[in-house]
Amino acid sequence: MTEVRVRFPPSPTGYLHIGGARTALLNWLWARKNNGKLILRIEDTDADRSTQESIAGIIDGLTWLGLDWDEGPYFQTEFSKDHQQAAQKLLDSGHAYKCFCTREELEKKREAALAAKKDVRYDGTCRHLTPEQIREKEEMGLPSVIRFKVPQKEGVVAYEDKVLGTIERAYSDIEDFVIVRSNGKPLYLLCNVVDDIRDRITHIIRGQDHMTNTSRQVLLYQALGAPIPVFAHMPLTLDLQKKKISKRSHGEIVSVQFYREKGFLPWALCNFLVLLGWNPGTDQEIFSREELIEAFTLERISKVNSVFNYQKGNAKFFTDPKLIAINEHYLRSMEITELAQLVKKELEAEGLWDEAYEGEKQDWFLATIDLIRDRFHTLKDFTTAGRAYFSDDYEIMAKPLKKNILKHPELKTWLPQLGQRLGELESFTEEEVERVSREMAAELGIKPGILINGMRTVLTGQLAGPSMFAVLVALGRETVVRRLRNIDHLYEA
RNA sequence: GUCCCCAUCGUCUAGUCAGGUCCAGGACACCGGCCUUUCACGCCGGCAACACCGGUUCAAAUCCGGUUGGGGACGCCA
């Protein structure tokens, strides 16, 4: 059996977006499943739009996602000789011809056709030029492009698509497309095929937006005498208005970088992305890498475009709710030591990291992040909502301040008192702090919740959180007492 | 205007190829209840879809035709 070889060929004209990441992911899965190879090929033939930052961004993005490749990155521009040779071969074999029509002429014809609501295809003006006419034009110094000579015959060009079945297109519906620019530089359609042949690509997994390219590229494979790879066209990802998601119209929300900055787990993003247009045929939605590689098949890729459910301006669901849910799932269930490494980076970035968290305070650190992760959504929450566990410099949220502190002015004296009692405790355990708290509430003739939620606000700044007695123990006696004693400033504003 | 692809809950989707076990299953979201010191934690429950019309058949989400709707492509971009 021949080796499975797939490729991810981004054009470096912007950051890596989730559509590209999804394409990379499916190719990666297919390579890994078959013990094959994934080739990263940067398609930088559009010199005007390609940038170094973009190349770095794509590589960064893939690396962060954990999508490793086996060959490359190759750069398409390094193989321009191959492309030119292929073009010459097509010219020599009569599969292509020189076309001297100018852009202006073509543009005029296209507009006229569009205005007349007619076909906008190339009319074949230069297809039947005699060798003498060609020589004449060349001697006059007229620039020319090279067009592929689409067979003028009955019937269809067909290919088998792993997800869509047989795709057919009549020869007569395909125009003589340009394969080399007038400046001598070959175009995508040709380069892509030449590179795939050279890289011995066996499966081409790409978006349905390439379907018309595929029909034309099949012609190229045939003319070049190369075997045709297996195609799998995946459905596109659209926005709620059913428009293709793009960097241009959707901005950062579709960039992989955004999710990294927002504290998402890379595998959670992959898990979400793979479910956009693929499913295993079972109810399973959460997969480890190994499970996903095992379960993945080309045939189960959906034919239907999916919607990235993102509503602008929604603070709670700042991206697709399902993505957030999957991220939460991993945040809550992943190995705590693995999570610790990620939280460490977050704390370091905020200047809150303490080396002792990997030394004498390690048990405390692991227990604490395990305690608070249940209500968190992203890694960022550890330094925002969870900041009070690692620093005295945390914000008291307005809502709990009003509801749990200002509403009960007596807390100004009660809380320091409670702090005093907690400080005098012989053993600072959940049972003991609970006993003391409830006893004091009973003495005062108030509901325990007033004291408890007052403490929550003062000690964590948050409206919600884990069991308060567990929180007290996590914070430790010294911190609890210090914070409870110093609350006058809360009443000042 | 031409060509190609597609059509199940709000969203992601199972079921379609091999018609009956589907008055359509799961997940997310939403709503309600429980737990409780709080909560965007957890548990339990609920709402919610086969685009439309015709045909084939004892029987259609499933097969066929049409309609409508959506998407993609129609560059000397990739």
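Coordinates for the structure precede this section.
Given the structure is predicted, the values throughout are model-derived calculations rather than measurements.

Q: What is the right way to read the protein's contact with RNA strand B from this model?
A: By nearness alone, 67 residues border RNA strand B, and Asp46, Thr212, Gly277, Asn279 and Arg375 come closest of all. Measuring from a phosphate oxygen of RNA strand B, one finds a side-chain N or O atom of arginine 300 at 3.1 Å. Elements represented by at least two residues in the surface near RNA strand B include exactly helix H4 (103–115), strand E7 (165–170), helix H7 (211–223), strand E12 (306–307), helix H12 (321–333), helix H18 (448–460) and helix H19 (468–475). Counting residues per element, the surface near RNA strand B draws most heavily on H12, which supplies four residues.

Q: What should I look at first to understand H18 in this one?
A: In an α-helix, one full turn covers 3.6 residues, which means residues spaced three or four apart are oriented alike. The end-to-end C-alpha distance of H18 is 18 Å, a good match for the 18 Å that 13 residues give at a rise of 1.5 Å each. The buried fraction of H18 amounts to 10 of the 13 residues, a majority that puts the element mostly inside the structure. Of the positions making up H18, those classed as buried are Ile450, Leu451, Ile452, Gly454, Met455, Arg456, Thr457, Val458, Leu459 and Thr460. One or two residues past the end of H18 sits glycine 461, with phi positive at roughly 80 degrees.

Q: What is the right way to read the sheet that holds strand E4 (residues 96–99) from this model?
A: One key point about sheets: their strands pair by backbone hydrogen bonds, in either a parallel or an antiparallel sense. As summarised here, the arrangement of the three strands in space is E4-E5-E8, forming an open sheet in which the pairing is antiparallel. The open sheet has two free edges, formed respectively by E4 and strand E8 (178–180), since each of these has just one partner strand. The sheet shows a mean angle of 45 degrees between the axes of neighbouring strands, direction not considered. When E4 meets strand E5 (residues 145–148), the two strands line up antiparallel, connected through four bridges. Each residue of the ladder has a partner; that of lysine 98, found in E5, is isoleucine 146.

Q: So what exactly am I meant to see when it comes to a positive patch on the surface here?
A: On the surface, Lys399, Lys403, Lys407 and Lys447 cluster together into a patch of positive charge. One can find lysine 403 in helix H15 (residues 398–406).

Q: Explain the pairing of strand E1 (residues 5–8) here, please?
A: Successive side chains on a regular strand alternate, one facing one side of the sheet and the next facing the other. Neither face of E1 is left uncovered, since the one carrying Arg5 and Arg7 and the one carrying Val6 and Phe8 both have all their residues buried. Two elements, E1 and strand E2 (residues 37–42), share four bridges in a ladder whose sense is parallel. When the bridges of E2 are listed, valine 6 appears paired with leucine 38.

Q: Honestly, the sheet that holds E2 in this entry has me stumped. Any pointers?
A: The three strands lie next to each other as E1-E2-E3, forming an open sheet whose pairing is parallel. Two strands close off the open sheet at either side, each with one partner strand: E1 and strand E3 (71–75). Each strand of the sheet is rotated relative to its neighbour by a mean of 25 degrees, with strand direction disregarded. With three bridges connecting them, E2 and E3 associate as parallel partners. By the bridge assignment, arginine 41 is partnered in E3 with tyrosine 74. Of the strands in this sheet, E1 and E2 are in contact with helix H1 (residues 18–33), which crosses E1 at around 165 degrees. On the sheet, helix H2 (residues 52–65) packs against E1, E2 and E3 and is oriented at approximately 160 degrees with respect to E2.

Q: Before we go on, may I ask you to explain the packing of helix H17 (residues 430–444) against H19 in this structure?
A: Helix packing geometry: the angle between the two helix axes and the distance between the axes. Two elements in contact, H17 and H19, have axes whose closest approach is 9 Å; the angle formed by their N-to-C orientations is 120 degrees. With respect to each other, H17 and H19 are oriented oblique. Crossing of H17 against H19: the hand is right-handed. Contacts between H17 and H19 involve Glu430, Val433, Glu434, Ser437 and Arg438 from the former and Phe469, Ala470, Leu472 and Val473 from the latter. Partitioning the contact of H17 with H19 into residue classes produces five nonpolar, one polar and three charged.

Q: Looking at this structure, how should I read the pattern of salt bridges?
A: Close approach of charged atoms allows side chains with opposite charge to pair. Following the criterion strictly, the structure yields 32 salt bridges and no others. When the shortest N-O distance is used, the salt bridge between lysine 162 and glutamate 299 registers 3.5 Å. In this pair, lysine 162 is assigned in the loop between strand E6 (156–161) and E7 and glutamate 299 in the loop between helix H11 (289–295) and E12, connecting sequence segments 137 residues apart. Taking relative accessible area as the criterion, lysine 162 reaches 38% and is therefore assigned partly exposed. Taking the shortest distance from any N to any O, the salt bridge between aspartate 195 and arginine 198 comes out at 2.9 Å.

Thresholds applied
Each residue is numbered by its place in its chain's sequence as written, counting from 1. Chains and ligands are labelled sequentially in the order written, the chains with letters from A and the ligands with numbers from 1. In view of the model being predicted, local features appear only for residues whose pLDDT reaches at least 70, and side-chain atom pairs are presented and counted only at 80 or more, with totals across whole chains, interfaces and linings using the full set of residues. With hydrogens and water stripped out, all remaining heavy atoms of the structure feed into the side-chain values. By convention in this text, a residue qualifies as near a molecule or strand provided that one of its non-hydrogen atoms is within 4 Å of it. N or O atoms within 3.5 Å of each other form a polar contact, as long as, within protein, one can give a hydrogen and the other can take it, and as long as residues adjacent in sequence are counted only when both atoms are side-chain atoms. Each helix corresponds to a stretch of at least 4 residues labelled H or I by DSSP, and each strand to a stretch of at least 2 residues labelled E; elements are numbered beginning at the N terminus. Helix span, expected: 1.5 Å multiplied by one less than the number of residues in the helix. With a 1.4 Å probe rolled over the protein chains alone, any residue whose accessible area is under 20% of its type maximum counts as buried; one over 50% counts as exposed, and the rest are partly exposed. The criterion for strand pairing is that DSSP finds at least two bridges linking the strands in question. Axes, fitted as lines to C-alpha atoms, cover a helix only where it is in contact. Angles between the N-to-C directions of the axes lie from 0 to 180 degrees. Nonpolar side chains (Val, Leu, Ile, Met, Phe, Trp, Tyr) within 5 Å and like charges within 9 Å form the patches, drawn only from residues with over 30% relative accessible area and no salt bridge. Throughout, the Shrake-Rupley method with a 1.4 Å probe supplies accessible areas, and for residues the shown protein chains are the sole cover considered. Salt bridge, as used here: a side-chain nitrogen of Lys or Arg that lies within 4 Å of a carboxyl oxygen of Asp or Glu. His is not counted here, nor are the chain ends, while Lys and Arg score as positive and Asp and Glu score as negative. Every charge is mapped to an atom, namely NZ of Lys, CZ of Arg, CG of Asp or CD of Glu. When checking whether two residues touch, look at their non-hydrogen atoms; a contact exists if any pair is within 4.5 Å. Roughly parallel means an angle under 35 degrees; roughly antiparallel means over 145; roughly perpendicular covers 65 to 115; every other angle is labelled oblique. With the far helix as reference, a near helix turned anticlockwise by less than a right angle produces a left-handed crossing, and one turned clockwise produces a right-handed crossing. Gly is put with the polar residues, along with every residue not named as nonpolar or charged; the nonpolar set is Ala, Val, Leu, Ile, Met, Phe, Trp, Tyr, Cys and Pro, and the charged set is Asp, Glu, Lys and Arg.

Note that every value here comes from positions in space, so none of it alone points to a role or purpose.
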